[in-house]
Amino acid sequence: EPEVTQTPSHQVTQMGQEVILRCVPISNHLYFYWYRQILGQKVEFLVSFYNNEISEKSEIFDDQFSVERPDGSNFTLKIRSTKLEDSAMYFCASSSGTVGEQFFGPGTRLTVL
Amino acid sequence: SQQGEEDPQALSIQEGENATMNCSYKTSINNLQWYRQNSGRGLVHLILIRSNEREKHSGRLRVTLDTSKKSSSLLITASRAADTASYFCATDASIQGAQKLVFGQGTRLTINP
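First, a word on what this report is: a plain description of the structure on this page.

Facing the 22 residues of chain A at the interface are 24 residues of chain B. Contact between chain A and chain B buries roughly 1,800 Å² in total, counting both sides, with carbon and sulfur atoms accounting for 53%. Contact with chain B buries area across many residues of chain A, yet K42, V43 and F104 of chain A alone supply 29% of it, more than any other trio. The interface formed by chain A and chain B holds 1 salt bridge in total. The salt bridge partner of E56 of chain A is K100 of chain B, with a shortest N-O separation of 3.7 Å. Taken together, the links from chain A to chain B amount to 5 residue pairs in polar contact (both at pLDDT 80 or more). When contributions to the side of chain A that touches chain B are tallied by element, the ones reaching two or more residues are β4 (31–37), β5 (43–50), β6 (53–57) and β9 (88–95) of chain A. It is β4 of chain A that provides the largest number of residues to the side of chain A that touches chain B, a total of 4 residues. By residue class, the composition of the side of chain A that touches chain B is 10 nonpolar, 8 polar and 4 charged.

Structure representation (structure tokens):
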């Protein structure tokens, strides 16, 4: 069964450093998403992406964040100048259409020291 | 702002019993989805109910939706130890383009053997 994959599973970085979180969505999906979950809190929407551009972004997704689909398979989230409060689980998701199930990856746990 | 809120926050029952979790939201929606999350893992889609549907079944799962009360419930019948997880409702009220799921705080369900 096709699935969304994410790498790395755990990323530790120093405050101020840049990180790139990688995702491989399901191959025939057209819509891609990033969410985050701070420990013990709810899952929060960050950004949606379609047709090589951002479809919608949340207030969290400020200039510190960017997304890219560098090739036909990867979908990346870049966080510049990381802060302690960026520590969270980051989930990638994809869907085939605008309505229906989103398929989530296993997440990347980001720890900023 | 649109928000899914679950109650109870935590629920502990004996194996074999039924578990009911509730979700409330604030704005009009296109659909409402329920997801499960095992500790430290990704989100698994359980069921989607559209705004024009009132009830939906999938195996041991039964979901109801009352748009007049802006609420939904998830019933798991004949619970099993493997059902132990956190359960989240997520609402989609996107007007166009890709979905933007808004998750609730979740219900932590524990099934005691």
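Moving on from the coordinates now.
Remark: the centre distance and the inter-plane angle together describe each pair of aromatic rings, the angle taken between the planes. According to the stated counting rule, one finds 14 aromatic pairs over all chains in the structure shown. Between the aromatic rings of Y31 of chain A and Y50 of chain A, the centroid separation amounts to 4.3 Å while the plane-to-plane angle is 10°, which identifies the pairing as stacked. Of this pair, Y31 of chain A sits in strand β4 while Y50 of chain A sits in strand β5, and the two are 19 residues apart along the sequence. Judged by its relative accessible area of 10%, Y31 of chain A falls in the buried class. Aromatic side chains F104 of chain A and Y35 of chain B sit 5.4 Å apart centroid to centroid with 80° between the ring planes, which places their arrangement in the edge-to-face category. One end of the pair, F104 of chain A, is in strand β10 (residues 103–104); the other, Y35 of chain B, is in strand β4 (residues 31–37), on a second chain.

All names here are of chain B. Spatial strand order, β1-β3-β8-β7-β6: 5 strands in an open sheet with antiparallel pairing. What marks the edges here is a single partner per strand, and that holds for β1 (5–7) and β6 (55–58). Sheet twist, expressed as the mean angle between neighbouring strand axes with direction ignored, is 20°. With 4 bridges connecting them, β6 and strand β7 (residues 61–66) associate as antiparallel partners.

Residues and elements named next belong to chain A. Pairing is antiparallel in the open sheet, where 4 strands are placed in the order β1-β3-β8-β7. Looking at strand neighbours, the two that pair on one side only are β1 (5–7) and β7 (65–68), the edges of this open sheet. Each adjacent strand pair in this sheet contributes to an overall mean axis angle of 20°, direction not counted. As paired elements, β7 and strand β8 (residues 75–79) share 4 bridges and run antiparallel to each other. From the neighbouring strand, E68 faces β8, where its bridge partner is T76.

Rules used throughout
- Residues numbered from 1 in each chain as written.
- Chains lettered and ligands numbered in written order.
- Predicted model: local features only at pLDDT ≥ 70, side-chain atom pairs only at ≥ 80, totals over all residues.
- Heavy atoms only, no water.
- Contact = heavy atoms within 4.5 Å.
- Buried area = accessible area lost by both parts, 1.4 Å probe.
- Salt bridge = Lys/Arg side-chain N within 4 Å of Asp/Glu carboxyl O.
- Polar contact = N/O pair within 3.5 Å; in protein donor to acceptor, adjacent residues only side chain to side chain.
- Helix = DSSP H or I, 4+ residues; strand = E, 2+ residues; numbered from the N terminus.
- Nonpolar A, V, L, I, M, F, W, Y, C, P; charged D, E, K, R; others polar.
- Phe/Tyr/Trp six-rings, centres within 6.5 Å; stacked < 30°, edge-to-face > 60°.
- Buried < 20%, exposed > 50% of the residue type's maximum accessible area, 1.4 Å probe, protein only.
- Pairing = 2+ DSSP bridges.
- Axes fitted to C-alpha atoms, helices over the stretch in contact; angles between N-to-C directions.

Don't take any of this as a statement about function, it's just geometry.
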